[in-house]
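# Breakdown of the fold
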Amino acid sequence: MKVILQSWCLLMLLCATAVKAQTQYQININQPEHHLADVKMRFHLAAAGAVELKLPAWRTGKYQILDLANGVRLFQARDQKGQALKFYKKEKSIWVLEVPAAGEVVVSYQIYANQLGERSRHIDETHAYINPSAFLMFSDELRSQPSTVQLQVPANWRSTSGMARGDNPHQFKAANYDVLSDSPIESGIHQSFSFVVDNRNYEVVFWGEGNFDSKQIVTDLQKLVAQAPSIWQGYPYQNYLFIIHATGGARGATEHLNSTVIQRDRFSFASRKHYLEFLGTAAHELVHTWNIKAYRPAELVPYNYLAPNYTELLWISEGSTSYFQNQLLLRAGLMTTAEFYEDLAKRLDKFARLPGAQVQSVAQSSFDSWISLSGDHADNFSVNIYSEGYLVSWMLDQHLLKNSGLKANYRTLHNELYQRFGKTTAFTAADIQQIALDLTGKPVTEFWQQQVETPLELDATALLADAGLVYKAAEKQQAWLGVTGTFLNGVEKINKVERDGPAWQGGLTSDDEVIAVNKLQLKSALTERLKDFKPGQQLTLTLFRQGRLLEKTVTLGALAAEPAKIVPMKKPDRQQRQYHQAWLGVALAATK
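This report concerns the structure included in the present document. (Residues numbered from 1 in each chain as written. Predicted model: local features only at pLDDT ≥ 70, side-chain atom pairs only at ≥ 80, totals over all residues. Heavy atoms only, no water.)

### Here we look at the overall build of the protein
When helices and strands are counted, the protein shows 16 helices and 32 strands. In terms of overall dimensions, the protein is globule-like: its C-alpha atoms have a radius of gyration of 27 Å, near the 25 Å expected for 592 residues. Overall size of the protein, expressed as C-alpha extent along the three principal axes, is 95 × 65 × 45 Å. In the protein, once contacts between residues fewer than 6 apart in sequence are set aside, the share between residues at least 24 apart is 67%. Accessible area of the protein: about 26700 Å², with a carbon and sulfur share of 50%. Positive and negative side-chain charges of the protein, numbering 60 and 58 respectively, have mean locations separated by a distance of 3 Å. (Helix = DSSP H or I, 4+ residues; strand = E, 2+ residues; numbered from the N terminus. Rg over C-alpha atoms; globule rule 2.2 N^0.38 Å. Contact = heavy atoms within 4.5 Å. Areas by Shrake-Rupley, 256 points an atom, 1.4 Å probe, with all protein chains shown as cover. Lys, Arg positive; Asp, Glu negative; His and termini not counted. Charge placed at Lys NZ, Arg CZ, Asp CG, Glu CD.)

### Quick look at empty space enclosed by the protein
Going through the model one piece at a time under the given rule, you end up with two cavities of 30 Å³ or more. What the largest cavity holds in volume is close to 40 Å³. Residues belonging to the lining of the largest cavity are distributed by class as follows: eight nonpolar, four polar and no charged. Approximately 30 Å³ is the volume attributed to the second largest cavity. In terms of lining, the second largest cavity is formed by A357, Q360, S361, V362, V383, E388, P455 and L456. Considered class by class, the residues forming the lining of the second largest cavity number five nonpolar, two polar and one charged. (1 Å grid on protein atoms, 1.4 Å probe; cavity = no way out; pocket = protein on both sides within 12 Å on 5 of 7 lines; lining within 4 Å. Points joined across faces, edges and corners; volume = space filled by probe spheres on them. Nonpolar A, V, L, I, M, F, W, Y, C, P; charged D, E, K, R; others polar.)

### Some words on the environment of G506
With respect to the helices and strands, the residue G506 is situated in the loop between α14 (502-505) and β27 (513-517). Considering only alpha carbons, one finds G506 and H127, 379 residues apart in sequence, at a separation of 51 Å. Residue contacts for G506: discarding those within four places in its chain leaves K552, T553 and V554.

### Observations regarding the sheet that holds strand β3 (residues 49-54)
If you trace the three strands from one edge of the open sheet to the other, you get β3-β6-β5, paired in antiparallel fashion. The open sheet has two edge strands, β3 and β5 (86-91), and neither has a second partner. Between one strand axis and the next, the sheet turns through 25° on average, direction left out of account. Relative to strand β6 (residues 94-99), β5 runs antiparallel, the two being bridged by five bridges. Considered in β6, the bridge of K89 is made with W95. (Pairing = 2+ DSSP bridges. Axes fitted to C-alpha atoms, helices over the stretch in contact; angles between N-to-C directions.)

### Looking at the sheet that holds strand β14 (residues 171-174)
Pairing between the strands of a sheet is mediated by backbone hydrogen bonds and can be parallel or antiparallel. Read from one edge to the other, the open sheet built from seven strands follows the order β4-β7-β2-β1-β11-β14-β13, with strand pairing classed as mixed. Edge positions in the sheet fall to β4 (72-79) and β13 (164-165), since each of these pairs with one other strand and no more. Bridging between strand β11 (residues 147-152) and β14 involves four bridges; their strand directions are antiparallel. By the bridge assignment for β14, S147 is matched with A174.

### Regarding the packing of helix α4 (residues 272-288) against helix α5 (residues 314-331)
One way to put it is that α4 packs onto α5 with a least axis distance of 8 Å and a crossing angle of 125°. In terms of axis orientation, α4 runs oblique to α5. Handedness of the α4/α5 crossing: right-handed. Together, L279, G280, A283, H284, V287 and H288 of α4 and S317, E318, T321, S322, F324, Q325, L328 and L329 of α5 make up the contact between the two elements. Its residues assigned to classes, the contact of α4 with α5 shows six nonpolar, seven polar and one charged. (Parallel < 35°, antiparallel > 145°, perpendicular 65-115°, else oblique. Left-handed = near helix turned anticlockwise from the far one by under 90°.)

So, in structure tokens, the structure goes:
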């Protein structure tokens with residue numbers, strides 16, 4: 001009897017400890033019209049001492065410091081007796097508590113949530129988008145503990161997340177803070193749809209109104225997710241959530257462990273062009289569930305939530321994802337081969353005119369993503385981990401196909417990454433090179449040095465020819481100035497000036513305000529005015545620069561009047577057809 005009693009006491013002690021070894025969060029949304037939420041955090045300390053509570057300075061999926069702590073106010077902390085605890089701020093994102101005794105600690109603070117476009121936090125009278133990394137604090141000691149999140153929201157709101165549900169419709173559970181921080185919650189008034197594919201549960205939630213067909217989107221997403229096995233054997237999730245925001249002033253998307261949030265202008269769904277962009281984004285974020293979530297560069301493991309995680313492999317995470325997105329759409333029948341070829345042709349046109357391609361490698365661009373600039377400096381002196389990462393992925397795909405006798409391709413390599421690192425998460429550049437060697441028997445060391453670590457050199461004609469395709473540039477040319485700008489009220493404000501282009505050589509720069517061409521007032525956009533001229537002609541541009549009136553003389557260059565095209569060869573041979581099939585998983589389109 002004594003042994004039984006001791007065992008029962010031990011069990012109760014273990015149960016009590018298990019309950020205490022949990023971080024509990026409560027988010028109370030009672031002032032949605034003012035974008036405010038009250039957050040309460042409960043946790044148990046086994047011993048007295050100082051505790052550092054931290055709010056991430058960035059969120060996963062956006063490699064930029066956002067300083068999320070800027071929305072925190074009214075911070076206070078109490079012990080289990082309700083006594084106020086002393087605290088101080090160690091730095092912008094760290095609060096240090098002085099806890100005199102073991103026991104429960106309750107921390108409360110207010111969050112201002114009006115960053116919809118950052119996809120971090122947004123609250124209004126219709127919904128709350130909660131990226132936990134922008135709402136919920138953690139400490140290093142508690143990071144590995146399981147946690148629950150309880151929402152208090154208006155009565156007519158519904159809450160959903162990729163996380164497991166708790167004891168009620170507005171409660172969610174996570175195994176640890178890393179799962180919690182990467183599992184957004186959408187609560188509010190919205191449309192919701194669900195379906196099952198390959199024994200996986202999917203939910204699609206729409207917030208906002210617009211010109212989208214929700215049923216068609218759900219049907220197409222079912223076709224999309226069914227193509228995942230064409231790359232990977234197995235899934236890193238049982239439940240997956242698509243959050244779609246149809247709104248104004250916000251555009252973009254972010255991948256998460258078990259979900260994605262996609263934001264688009266409410267009226268950007270109806271046309272085929274715009275709808276295909278939406279589907280491409282959905283495919284991109286789905287690919288990320290494996291590539292960056294299930295396996296990611298070793299330098300990103302674990303996440304340092306208060307400082308950058310630098311890596312030279314973000315081009316794998318983003319560029320390879322871009323490379324796969326249209327392949328999934330193609331295989332799903334959501335994109336035609338002609339549309340696939342058109343997109344690839346645009347990418348090649350852009351790269352051919354990208355001055356930054358001569359300056360920066362994809363490895364350097366990956367490392368510098370945390371401090372990357374936008375505008376013309378980005379195009380003139382940098383490459384992009386998405387677009388140029390796509391092209392390096394394509395070249396690596398060709399290496400695998402040609403050196404394996406079409407038995408292995410880039411999809412095979414990524415499946416190997418998932419199989420080898422799906423549990424440990426972290427891989428290195430050496431791991432990728434080893435997999436390529438295992439698949440082909442040929443080292444990729446030289447390729448890596450020439451195309452990854454130094455500015456890449458692309459022979460698109462040869463790459464396309466292997467697949468029975470031809471790149472056809474337009475023969476007709478038009479006058480080219482080498483700028484992009486915005487025309488408003490008789491002024492063309494220059495946004496970008498292409499390095500070594502006509503405008504660059506003529507002395508124009510970004511933010512110049514062009515008001516006249518050849519001393520005649522500008523009455524329409526500069527692109528329209530240029531239609532009156534031919535390549536080689538000289539123009540005098542009158543402009544304001546920081547309020548000073550200037551004149552610049554430029555000699556117009558030449559640019560193709562129409563986009564280039566990629567079309568099938570007239571008589572592709574059997575080997576080219578086989579290559580195309582192995583490359584994209586679909587047959588080479590017939591020649592018209």
